[in-house]
There are 2 protein chains.
Amino acid sequence: MEVGLLFSGGKDSSLTALLLDEFFDVTLVSAHFEVTGAWKHARKTATALGYDFEEVLLDREIARTAVEQMVEDGFPRNGIQQVHRHTLETVAAMEFDAIADGTRRDDRVPSVSRAQAQSLEDRHGIDYLAPLTGIGRNAVDKMVEKTLEIESGPSEEIPKGDYEVDLRALMAELYDDETVSQVFPAHTQTRVVARR
Amino acid sequence: MEVGLLFSGGKDSSLTALLLDEFFDVTLVSAHFEVTGAWKHARKTATALGYDFEEVLLDREIARTAVEQMVEDGFPRNGIQQVHRHTLETVAAMEFDAIADGTRRDDRVPSVSRAQAQSLEDRHGIDYLAPLTGIGRNAVDKMVEKTLEIESGPSEEIPKGDYEVDLRALMAELYDDETVSQVFPAHTQTRVVARR
């Protein structure tokens, strides 16, 4: 069974790949808006971990709507949620038998309810796998520590490969840098470098 | 990190062991009421899969209360839920750093909400892991097919190792066989025999 796993190069999606690869053929999929090329960092991590990789271009209009929502809200949560749903729909329509993501039990966003998961599965004739939704932050950290080598630092210095990078760049383009740092406060970011 | 995984010898708890054993030291734990000795079937499966095994005796009073609840309801759901919660509390109080179970996304019972999971973790200073809560029935079946050898048949013929066997026997003792077959309608049961 071929699984397309939404991949950012971060801890959660990398760990999800390790969990699933005993059972499925895993391809890591990085979704982006063709703004910054940040998806290439995800490809680098995918190669280091030894997985197949695909990039997929999302609808630029979704990015614009999400950015407007985030600026209106003053925080990124609802915009990220919109983009995540659109990404799941996009990857579900690709050639995979199943799709997966690294959502954790404690994540506020992205979140996919049981009803949304079943709707996604029924409409696309695929399975949706999110094994970390049954595992909390502390245990996820232990699992990462045991299996993955990571680097961490301020969010603007660590080259992540997810669509958030594109959304921030688009926000800077449509508004300004000041707006970006208000909506996305600086935080410590991590990136997976290799398997342990 | 030492994980105590609630184990029945069935597909879901066996698959959960395979998912977690790359990251943790897994011990399979079979909980029972010292009624039928059915837990020995779980031990047999645990040995076939190559895991450490422990049995733990539950409070007999919990079994009696659960049986009364099930007979009053006419179905086992609420009684099973009570016993599962008691089992989680019991295993959480043992020497493990984390506990786990094989609850699936589509299970009506047992179910453990996010709030209950966090309460269990906070009160006992452990982690609670339920990786199959993020995976639906079809995908679980595919994962089992790829990795486990199973036998299936009518529920009364397949020797399962979970507390349900003890609960049925206790119900027959306190009430009669007729009551048992009304509360637990016959269904196809499966048991894990070996790894593929």
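Here, every reference points to the structure presented above.
Only a predicted model underlies this, so the values are computations on that prediction, with no experimental measurement involved. (Residues numbered from 1 in each chain as written. Chains lettered and ligands numbered in written order. Predicted model: local features only at pLDDT ≥ 70, side-chain atom pairs only at ≥ 80, totals over all residues. Heavy atoms only, no water.)

### Points about the relation of the copies chain B and chain A
Condition: A least-squares fit on C-alpha atoms brings the copies together, and the residues used are those whose pLDDT is at least 70 in both copies. Contacts between residues were defined by any pair of non-hydrogen atoms, one from each residue, lying within 4.5 Å.
Rotating chain B by 180° about the axis while translating it 0.0 Å along that axis superimposes it on chain A, leaving an RMSD of 0.0 Å. In symmetry terms, the pair is related by a two-fold rotation axis. Residue B:Pro131, judged by its C-alpha, is the member of chain B lying nearest the rotation axis, at 2.3 Å. The share of interface residues of chain B whose copies in chain A are also at the interface is 100%, consistent with both copies meeting through the same surface.

### Notes on helix H2 (residues 39–49) of chain A
Residues and elements named next belong to chain A. Just so we agree on the cut-off: We call a residue buried when its accessible area falls under 20% of the maximum for its residue type, exposed when it is over 50%, and partly exposed in between, using a 1.4 Å probe and counting protein chains only. In DSSP terms, a helix is any run of H or I states spanning at least four residues, a strand is any run of E spanning at least two, and both are numbered starting from the N terminus. Note that the arc is defined by the directions from the helix axis to the C-beta atoms.
Where H2 is concerned, the buried positions are Trp39, Ala42, Thr45, Ala46 and Leu49. Relative to the axis of H2, the buried residues are bounded by an arc of 110° and lie together on one face. For H2, the exposed residues lying more than 90 degrees away from the buried face are Lys44 and Thr47. Buried residues along H2 sit in contact with helix H1 (11–20), strand S2 (25–32), strand S3 (52–57), strand S6 (148–154) and strand S7 (188–195).

### Notes on the sheet that holds strand S1 (residues 2–6) of chain A
Residue and element names in this part refer to chain A. Defined as follows: Between any two strands, at least two bridges found by DSSP are needed for them to pair. The angle between two axes is taken between their N-to-C directions and runs from 0 to 180 degrees, where each axis is a line fitted to C-alpha atoms and a helix contributes only its stretch in contact.
Sheet architecture is open: five strands sit in the order S3-S2-S1-S4-S5, paired in parallel fashion. With one partner strand each, in any of the chains shown, S3 and strand S5 (127–129) form the two edges of the open sheet. Here the strands of the sheet are splayed against their neighbours by 30° on average, with no regard to which way each runs. Sheet strands touched by H2: S2 and S3. Its angle to S3, the strand with the most contacts, is close to 165°.

### Focus on helix H3 (residues 60–73) of chain B
To keep it simple, the criterion reads: Take the residue count of a helix, subtract one, and multiply by 1.5 Å to get its expected span.
With 14 residues, H3(B) should cover 20 Å at 1.5 Å per step; its first-to-last C-alpha distance of 20 Å lies within 8% of that length. Contact partners of the buried residues in H3(B): helix H4 (77–92), helix H7 (163–174) and helix H8 (177–183) of chain B.

### Section: the interface of chain B and chain A
The criterion, for reference: Accessible surface is computed with a 1.4 Å probe, and the buried area is the amount of it that two parts give up when combined, taken over both parts together. Salt bridges are defined by distance alone: a side-chain nitrogen of Lys or Arg within 4 Å of a carboxyl oxygen of Asp or Glu. Definition of a polar contact: a pair of N or O atoms within 3.5 Å, with one able to donate and the other able to accept a hydrogen when the atoms are protein atoms, and with sequence-neighbouring residues admitted only if both atoms are side-chain atoms.
Taken together, the 28 residues of chain B in the interface contact 28 residues of chain A. Of the roughly 2,500 Å² buried where chain B meets chain A, counting both sides, 56% is carbon and sulfur surface. At the boundary of chain B with chain A, the tally comes to two salt bridges. In this structure, A:Arg105 engages B:Glu121 in a salt bridge whose closest nitrogen and oxygen atoms are separated by 2.8 Å. The interface formed by chain B and chain A holds 10 residue pairs in polar contact (both at pLDDT 80 or more) in total. At the level of secondary structure, the elements contributing two or more residues to the side of chain B that touches chain A comprise helix H1 (11–20), helix H5 (114–124), strand S5 (127–129) and helix H6 (137–147) of chain B.

### Brief notes about a negative patch on the surface
Residue and element names in this part refer to chain A. To keep things clear, this is the line we draw: Patches here: salt-bridge-free residues with over 30% relative accessible area, like charges joined within 9 Å, nonpolar side chains (Val, Leu, Ile, Met, Phe, Trp, Tyr) joined within 5 Å. To measure how exposed things are, a 1.4 Å probe is used in the Shrake-Rupley method; for residues, cover is taken only from the protein chains shown. When charges are counted, Lys and Arg are positive and Asp and Glu negative, with His and the chain ends excluded. A charged residue contributes its charge at one atom only: NZ of Lys, CZ of Arg, CG of Asp or CD of Glu.
Taken together, the side chains of Glu2, Asp25, Asp52, Glu95 and Asp97 make up a negatively charged region of the molecular surface. When you line up the elements, Asp52 lands in strand S3. Using a relative accessible area of 54% as the deciding quantity, one classes Asp52 as exposed.

### Remarks on the packing of helix H3 (residues 60–73) of chain A against helix H4 (residues 77–92) of chain A
Residues and elements named next belong to chain A. As a reminder, the rule being used: Each angle is binned into one of four classes, with values under 35 degrees roughly parallel, values over 145 roughly antiparallel, values of 65 to 115 roughly perpendicular, and all other values oblique. Asp, Glu, Lys and Arg are counted as charged, while Ala, Val, Leu, Ile, Met, Phe, Trp, Tyr, Cys and Pro are counted as nonpolar; the rest, among them Gly, fall into the polar class.
The interhelical angle for the contact between H3 and H4, taken along N-to-C directions, is 160°, at an axis separation of 7 Å. The angle between the axes of H3 and H4 places the two elements in the roughly antiparallel class. Only Asn78, Gly79, Gln82, Val83 and His86 of H4 make contact with H3, whose side of the interface consists of Ile62, Thr65, Ala66, Gln69, Met70 and Asp73. Grouping the amino acids of the contact of H3 with H4 by side-chain chemistry returns four nonpolar, six polar and one charged.

### Here we look at the side chain of A:Asp166
Residues and elements named next belong to chain A. Mapped onto the elements of the fold, Asp166 is located in helix H7 (residues 163–174). It is Arg60 that comes nearest to the buried, bridge-free Asp166 among opposite-charge side chains, at 7.6 Å. A distance of 2.6 Å separates polar atoms of two side chains, one belonging to Asp166 and the other to Thr36. Discounting chain neighbours no more than four positions away, the residues touching Asp166 are His32, Phe33, Glu34, Val35, Thr36 and Gly37.

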